[in-house]
Each structure stands twice: as structure tokens, then as C-alpha cells.
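# Observations on chain architecture
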Amino acid sequence: MALPTEKIVSDWRRDGAACLRQVFDQAWLDLLEEGVETSRIAPSELSKDYAKDGEGSFFTDHAMHRRVPQIRDFIANSPIAEIGARLLEAEKVNLIDDHLLVKEPGTANPTYWHQDQPYFNFVGEDYCSFWIPLDPVDETNGTLRFVIGSHLWKKEFKPVLIGKGEVVEQADKFDGLAPDIDGNPNDYETRTWDLTPGDCLAFHGKMLHGAYPNLSSGSPRRAISIRLTGDDIVWHPRQYAPAESDQPGLTPGGPIDCEDYPIVWPVDQQTI
Ligand SMILES: O=C(O)CCC(=O)C(=O)O
């Protein structure tokens with residue numbers, strides 16, 4: 001197993017995103033693919049399709065590990081939890097969400113620029129999303145885009161619906177809207193990576209990121225974002241967040257351990 005090197009850890013702390021090459025072998029990818037296809041056949045009530053006018057499909061769903069054994073198995077037993085612990089330099093790692101993001105060929109929706117953290121019921125810095133593609137991806141079929149260093153701006157922007165760009169108006173206590181990155185390309189350093197299955201992208205919760213549309217004619221882009229947190233994360237309910245913000249067992253400012261946010265690392269303390 002290829003754990004992140006010290007250089008990768010320091011790159012991701014500095015830049016807010018890093019590419020981890022060939023961290024999942026074919027057996028893990030096969031299991032994940034089986035889980036993703038099973039999830040797509042039986043979507044949950046949290047699923048959405050953002051495609052404009054029914055052209056193509058930008059399908060999303062959440063928390064598949066609760067109902068799809070292969071996804072649970074991947075999160076509990078593949079290298080992902082240890083990679084998360086290494087990158088977050090954490091004693092304990094919780095799973096916050098597993099988020100399916102499938103952009104079919106011929107889908108004009110970009111993924112709008114956003115940060116992840118404002119969608120979730122917690123605050124802290126030790127948050128990392130691992131975006132794991134099951135297909136080769138590049139700019140033509142929807143690879144991710146990042147604004148390098150934006151996780152250090154000390155700003156949190158209002159969340160938007162990622163496939164539509166509509167602002168979540170209820171979310172009022174933020175630093176306004178994300179800046180217009182594409183309208184001012186010289187003002188921001190953006191970065192993308194081409195990926196093959198086995199690679200993944202790791203990025204911070206306050207990292208401004210988006211993705212290209214999938215304008216290819218025949219290259220699907222199936223990906224799952226596994227979102228992990230480390231030691232400094234505390235409960236901070238936000239009523240508009242899509243995840244359950246009513247957790248009677250949790251106290252604002254206290255730890256997030258509960259059934260919805262299971263421990264995945266260390267292995268002997270797993271509650272997933
Ligand atoms: O897959 C995409 O298009 C967007 C992914 C994303 O924004 C995320 O995983 O946080």
C-alpha cells in the first residue's frame with residue numbers, strides 16, 4: 001500500500017489539494033465499482049440529478065455505506081482510512097459522508113466553485129475529501145479544478161447547489177459568495193490533474209474547487225468522494241445542511257462521534 005509521503009502531506013497542507021497516485025489496487029477498485037453500480041440501481045431519497053433539461057446526467061447520492069455492503073467494506077478495510085489518518089495527522093478519523101458523483105458524457109453542467117465545509121455540521125481544519133474516480137478523467141470529461149491556497153484565506157463562502165450554482169439562501173452567516181474565478185483567471189492560481197483509476201485527489205474542507213462539465217461523447221466520469229475528519233473537528237449544527245443536524249447525543253463544540261459519523265481509524269476502534 002502506498003501511504004502518503006511526507007512531501008505529499010506538506011504539499012497538501014500548503015496547497016490545500018494533492019494528487020495521490022495508485023493508492024488503490026484493482027481488487028479494491030472492483031469492489032468499489034460493484035458498490036457504486038449497486039447504489040445507482042437503488043438511489044436513496046438524498047439522490048439528485050442536476051442535468052440541465054435532461055441532457056446527460058449529473059447524478060449524486062450520499063451515505064451509501066449505510067445500505068451498500070461493498071461501499072462499507074471499501075471504507076472500513078481498504079487503505080483509505082489509514083491514508084486519511086496519515087494526511088490529517090490524526091489519532092482518530094471519522095467518516096462524514098460518502099458522496100457519489102457521476103457525470104455522464106454530454107452533460108453540460110460544470111460543478112460550480114464551492115468549499116465543502118459550509119455544507120456540513122461541524123467546524124475545524126482537519127477535514128479531507130478523497131475524490132476517487134472509477135474512470136480515466138481529464139478536462140474533457142469533468143476532472144476537478146482547485147484554487148491553490150484558498151483553504152488558507154480564512155474565508156467561508158455561502159454554499160451553492162453544486163450542479164446548478166444556486167445559492168443556499170438560508171446559509172447566511174458566511175463571507176458572501178465565492179469570487180468569480182473564471183471571470184478573473186489571472187488573479188487565481190488554479191490546478192487540475194488527469195487521473196487514472198487507482199489515483200485519488202485529496203483536498204481540504206475550505207478549498208475552493210469545482211469541476212469541468214463532461215462534454216465528451218463517450219467517456220463517463222464516475223467518482224465517489226469519501227470525506228474524512230481528524231482530531232480538531234467539533235459538532236456545529238447548521239439547520240440548512242443536507243446531513244442530519246438533529247443529533248440529540250451531540251453537544252455543540254463537542255466530538256462528532258455518533259452512528260451517522262462513524263469512526264474508521266484506528267481499525268480497532270471502528271464503529272462503521
Ligand atoms: O465530482 C464533482 O463534480 C464535484 C466533487 C466535489 O465537489 C466534491 O467532492 O467535493
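Our structure is the block above this text.
Residues numbered from 1 in each chain as written. Predicted model: local features only at pLDDT ≥ 70, side-chain atom pairs only at ≥ 80, totals over all residues. Heavy atoms only, no water.

### Quick notes on the overall build of the protein chain
Check the secondary structure of the protein chain and you find 4 helices and 14 strands. Taken over the C-alpha trace, the protein chain has a radius of gyration of 17 Å; the compact-globule value for 272 residues is 19 Å, and the two agree within 12%. Counting only contacts in the protein chain whose residues sit at least 6 apart along the sequence, the fraction spanning at least 24 positions is 80%. Accessible surface computed for the protein chain: about 11800 Å², of which carbon and sulfur atoms make up 50%. Distance from the positive charge centre (25 side chains) to the negative charge centre (45 side chains) of the protein chain: 4 Å. (Helix = DSSP H or I, 4+ residues; strand = E, 2+ residues; numbered from the N terminus. Rg over C-alpha atoms; globule rule 2.2 N^0.38 Å. Contact = heavy atoms within 4.5 Å. Areas by Shrake-Rupley, 256 points an atom, 1.4 Å probe, with all protein chains shown as cover. Lys, Arg positive; Asp, Glu negative; His and termini not counted. Charge placed at Lys NZ, Arg CZ, Asp CG, Glu CD.)

### Examining the layout of surface pockets
The volume enclosed by the largest pocket comes to roughly 450 Å³. Of all elements in the fold, only β3 (58–62), β4 (93–103), β5 (111–114), β11 (209–211) and β12 (221–229) reach the threshold of two or more residues within the lining of the largest pocket. Residue composition of the lining of the largest pocket, by class: 17 nonpolar, 9 polar and 5 charged. There is about 300 Å³ of room inside the second largest pocket. Lining the second largest pocket are 19 residues, with Tyr112, Trp113, Val160, Gly165 and Pro179 positioned closest to its centre. (1 Å grid on protein atoms, 1.4 Å probe; cavity = no way out; pocket = protein on both sides within 12 Å on 5 of 7 lines; lining within 4 Å. Points joined across faces, edges and corners; volume = space filled by probe spheres on them. Nonpolar A, V, L, I, M, F, W, Y, C, P; charged D, E, K, R; others polar.)

### Observations regarding the site of the ligand
For the ligand, the set of nearby residues contains 13 residues, the closest of which are Thr111, His114, His209, Arg221 and Ser225. Residue Asp116 places a side-chain N or O atom 3.0 Å away from an oxygen atom belonging to the ligand. Between the ligand and the protein, one listed contact pairs an oxygen atom with a side-chain N or O atom of Arg227 at 3.1 Å. Surface burial for the ligand is 100%, taken as the share of its 290 Å² of free accessible area covered by protein chains. Those elements that place two or more of their residues in the shell around the ligand are β5, β11 and β12. (Near = heavy atom within 4 Å. Polar contact = N/O pair within 3.5 Å; in protein donor to acceptor, adjacent residues only side chain to side chain.)

### What about the packing of aromatic side chains?
Applying the stated criterion to the full structure yields 11 aromatic pairs. Between Tyr50 and Phe58, the aromatic rings sit 5.6 Å apart at their centres with planes inclined by 50°, giving tilted as the arrangement. Judged by relative accessible area, which is 0%, Phe58 ranks as buried. Residues Phe120 and Tyr127 carry aromatic rings whose centres are separated by 6.1 Å and whose planes lie at 40° to one another, so their mutual orientation is tilted. Phe120 sits in the buried class, given a relative accessible area of 8%. Classification of Tyr127 as buried rests on a relative accessible area of 0%. In textbook terms, an aromatic cluster arises when at least three aromatic residues are bridged by ring pairs, as seen for Phe24, Trp28 and Phe74. Lying across the ring of Phe58, Lys103 places its NZ or CZ 4.7 Å from the centre. (Phe/Tyr/Trp six-rings, centres within 6.5 Å; stacked < 30°, edge-to-face > 60°. Buried < 20%, exposed > 50% of the residue type's maximum accessible area, 1.4 Å probe, protein only. Lys NZ or Arg CZ within 6 Å of the ring centre and 35° of its normal.)

### With respect to helix α1 (residues 6–15)
Along α1, the residues that are buried comprise Val9, Asp11, Trp12 and Asp15. Along the axis of α1, the buried positions cluster into a sector of 165°, meaning they face one direction only. Those residues of α1 that are exposed and aimed more than 90 degrees away from the buried face are Glu6 and Lys7. Its buried side turned inward, α1 meets β1 (17–20), α4 (80–88), β7 (127–133), β9 (190–191) and β10 (200–204). Positive backbone phi, at 95°, marks Gly16, one or two positions downstream of α1. (Arc of directions from axis to C-beta.)

### What about α4?
Helical geometry: 3.6 residues make up each α-helical turn, so side chains three or four residues apart lie on a common side. Among the 9 residues in α4, 7 count as buried, and that is most of the element. Restricting attention to buried positions, one finds in α4 the residues Ile80, Ala81, Ile83, Gly84, Ala85, Leu87 and Leu88. Once α4 ends, the next one or two residues include Glu89, with phi positive near 50°.

### Section: the sheet that holds β11
Strands sit in the order β5-β11-β8-β9 across an open sheet of 4 strands; the sheet is antiparallel. Each end of this open sheet is capped by a strand with a single partner; those strands are β5 and β9. In this structure, strand β8 (residues 144–147) lies alongside β9, joined through 2 bridges in antiparallel fashion. The residue bridging Phe146 from the neighbouring strand is Arg191, located in β9. (Pairing = 2+ DSSP bridges.)

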